Amino acid sequence: MTTVGVLGATGAVGQRFVQLLDGHPEFEVSVLTASPQSAGDSYSEAAKWRLDTPIPDGIAETTVRETDPDEIPGDTDLLFSALPSTVAEQVEPELCEAGFVVSSNASNERVADDVPLVIPEVNADHLGLIDVQQDERGWDGALVKNPNCSTITMVPTLAAIDSFGLERVHVSTLQAVSGAGYSGVTSMEILDNVVPHIGGEATKMETESRKLLGEFTGAGVEWHDATVSASCNRVPTLDGHLENVFAETDADPAPGEVADAFRAADPIDLPSAPTPLIEVFEEPDRPQPRLDRMVGDGMAVAAGGVESTETGVQYNCLAHNTVRGAAGASILNGELLASEGWL
Ligand code: NAP
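Residues numbered from 1 in each chain as written. Predicted model: local features only at pLDDT ≥ 70, side-chain atom pairs only at ≥ 80, totals over all residues. Heavy atoms only, no water.

(A) Molecular detail of the overall build of the chain. Looking only at helices and strands, the chain features eleven helices and 14 strands. For the chain, the C-alpha radius of gyration of 19 Å lies close to 20 Å, the compact-globule estimate for 343 residues. In terms of overall dimensions, the chain has C-alpha extents of about 60 × 50 × 35 Å along its principal axes. In the chain, buried positions account for 55% of the 343 residues. Here the contacts in the chain between residues at least 6 apart in sequence split such that 75% fall between residues at least 24 apart. Between the centroid of the 17 positive side chains of the chain and the centroid of its 56 negative side chains there is a distance of 7 Å. (Helix = DSSP H or I, 4+ residues; strand = E, 2+ residues; numbered from the N terminus. Rg over C-alpha atoms; globule rule 2.2 N^0.38 Å. Buried < 20%, exposed > 50% of the residue type's maximum accessible area, 1.4 Å probe, protein only. Contact = heavy atoms within 4.5 Å. Lys, Arg positive; Asp, Glu negative; His and termini not counted. Charge placed at Lys NZ, Arg CZ, Asp CG, Glu CD.)

Structure, rendered in structure tokens:
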């Protein structure tokens, strides 16, 4: 078995890691870390467990450690990071310098030139950037990122229609409250309400998507030259980001051709990977967060409502933001790292 640790294990995404890693066929959790306030407590004391399955056996009594390279046993093969980006930007490089491989959710360095930003079904070859990173930074370890939860919902669909010559994308999101973490949005802010702004989110969608769809040259990534404009909104759903996408392509595909391209999106052979990658709905009022966020055990993207517009095509897509959009994405990247011999 590959021994893994979870950094920031007590938070919204950290708990998803713990849940999804329970019974994993390749990974065994050996270390859990959080803030200095939680260090020394048992996991069940430190984590206010909010998922609808019990804390896995053997995890509840595990002592939470500080998030510090000296606290991580040297034989830990892989670290998953669910740290706030302000903490991650300091700690993750220290861990990589100490020789650890880190598969991270945190937003820092996602668009850095030498950091692989990866969705295994879309751009697995970008892992080759690790060689560039290790050369440039002198690390024995490595830092690999998965994209922001709203980006990962849309990009598999864009990759599927890039064969029509993707030129321009406009996207408007309806994002669940869990995307802001446990203390991110108060009930007084979000009940009976929609908040038409999520700080920094639009920029993440506009940049990360172009890097993900870009080409790995061996020395770096040439970003895709499509333009992407995003408007990000917080809505009172618990989990699952729904997005309305308007895409313009060089060719002029019929809606049926776009839906077929979604259905034909290549799955990947990794333990947590869904088949199909994109679940296509024919009903015009699907996908919906409550009904469809668990397609493919929360790892697939749901798409529907494909229609022609004056300038191209529009459709809706949806993914579970803390599964495919966060912990599940990092775990899938970890499985790719393992299968390609990077651990
Ligand atoms: P969260 O619920 O606030 O959890 C934060 C975690 O980090 C907790 O375990 C916390 O430990 C720990 N932590 C806080 N300060 C720390 C410190 N100084 N040193 C070490 N550990 C510290 O946040 P979240 O929603 O899980 O998000 C985690 C990361 O994933 C963020 O970078 C976020 O942007 C990213 N992300 C989230 C989503 C989502 O849908 N929620 C999606 C994609 C990416 P304590 O319990 O001890 O405070």
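Next comes the rest of the description.
(B) Representation of the packing of aromatic side chains in the model. By the definition in use, this model includes four aromatic pairs. Here phenylalanine 17 and phenylalanine 80 contribute two aromatic rings whose centre-to-centre distance is 5.2 Å and whose plane-to-plane angle is 25 degrees, an arrangement assigned as stacked. Placement of the pair is phenylalanine 17 in helix α1 (residues 12–21) and phenylalanine 80 in strand β4 (residues 78–81), with a sequence separation of 63 residues. Taken individually, phenylalanine 17 and phenylalanine 80 each receive the classification buried, so the pair is uniform in this respect. Ring geometry for tyrosine 43 versus tryptophan 49: centroids 6.2 Å apart, planes at 70 degrees, classification edge-to-face. As far as the burial class goes, tyrosine 43 and tryptophan 49 line up, both buried. Ring pairs connect the aromatic residues Phe17, Phe27 and Phe80, which therefore count as one cluster. Looking at arginine 50, its charged tip hangs above the ring of tyrosine 182, at a distance of 4.2 Å from the centre. (Phe/Tyr/Trp six-rings, centres within 6.5 Å; stacked < 30°, edge-to-face > 60°. Lys NZ or Arg CZ within 6 Å of the ring centre and 35° of its normal.)

(C) Spatial organisation of unusual backbone geometry. Between threonine 275 and the following residue, proline 276, the backbone shows a cis peptide bond with an omega angle of 0 degrees. Mapped onto the elements of the fold, proline 276 is located in the loop between α9 (255–263) and β12 (278–281). Cis geometry is found at the peptide bond from arginine 286 to proline 287, where omega equals 0 degrees. Inspection of the secondary structure assignment puts proline 287 in the loop between β12 and α10 (289–292).

(D) Geometry of α1. In terms of burial, α1 is largely enclosed, as eight of its ten residues are buried. Every buried residue of α1 is listed here: Ala12, Gly14, Gln15, Arg16, Phe17, Val18, Gln19 and Leu21. In this fold, the buried residues of α1 make contact with β1 (2–7), β2 (27–34), α2 (43–46), β4 and α11 (323–339). Phi for glycine 23, located one or two positions after α1, is positive at around 80 degrees.

(E) Looking closely at the domain arrangement of the chain. When its domains are assigned, the chain resolves into domain 1 (2–148 + 326–339) and domain 2 (149–320). Between the C-alpha centres of domain 1 and domain 2 the distance comes to 24 Å. Contact residues are listed per partner, giving 34 residues for domain 1 and 37 residues for domain 2. Summed over both partners, the interface of domain 1 with domain 2 comes to about 2,800 Å²; 67% of that surface belongs to carbon and sulfur atoms. Contact with domain 2 buries surface across domain 1, with Glu121, His126 and Asn148 losing the most and accounting together for 26% of the total. (Domains from an automatic or database assignment. Buried area = accessible area lost by both parts, 1.4 Å probe.)

(F) Structural view of the site of the ligand. Around the ligand sit 26 residues, and of these Thr10, Val13, Ser35, Ser38 and Leu83 come closest. Note that an oxygen atom of the ligand is positioned 2.9 Å from one of the backbone N or O atoms of alanine 12. In the model, an oxygen atom of the ligand is placed 3.1 Å from a nitrogen or oxygen of the asparagine 321 side chain. Listed by contribution, the elements that provide at least two residues to the shell around the ligand are α1, α3 (85–97) and α11. Across the shell around the ligand, the residue classes break down as twelve nonpolar, 14 polar and no charged. The two domains that each donate at least three residues to the shell around the ligand are domain 1 (2–148 + 326–339) and domain 2 (149–320). (Near = heavy atom within 4 Å. Polar contact = N/O pair within 3.5 Å; in protein donor to acceptor, adjacent residues only side chain to side chain. Nonpolar A, V, L, I, M, F, W, Y, C, P; charged D, E, K, R; others polar.)

(G) Representation of the nonpolar core in the model. Core analysis: the biggest nonpolar cluster contains 38 residues, and Met154, Ile161, Phe262 and Ile278 have the highest contact counts within it. Two domains each provide a minimum of three residues to this core, namely domain 1 (2–148 + 326–339) and domain 2 (149–320). Those residues in contact with methionine 154, other than ones at most four positions away along the chain, are Val169, Val171, Met205, Ser209, Val228, Glu243, Val245 and Cys317. Residues Val18, Phe80, Leu127 and Ala142 belong to the second largest nonpolar core, which totals 35 residues. (Core = buried A, V, L, I, M, F, W, Y, C linked by side-chain atoms within 4.5 Å.)

(H) Region of interest: the packing of helix α6 (residues 149–161) against α9. Interaxial distance between α6 and α9 falls to 8 Å at its minimum, and their mutual angle equals 115 degrees. By the angle between their directions, the pair α6 and α9 is classed as roughly perpendicular. Like other packed secondary-structure pairs, α6 and α9 cross with a definite hand, here right-handed. Each of Thr157, Ala160 and Ile161 in α6 lies in contact with α9, whose residues at this interface are Val258, Ala261 and Phe262. (Axes fitted to C-alpha atoms, helices over the stretch in contact; angles between N-to-C directions. Parallel < 35°, antiparallel > 145°, perpendicular 65-115°, else oblique. Left-handed = near helix turned anticlockwise from the far one by under 90°.)

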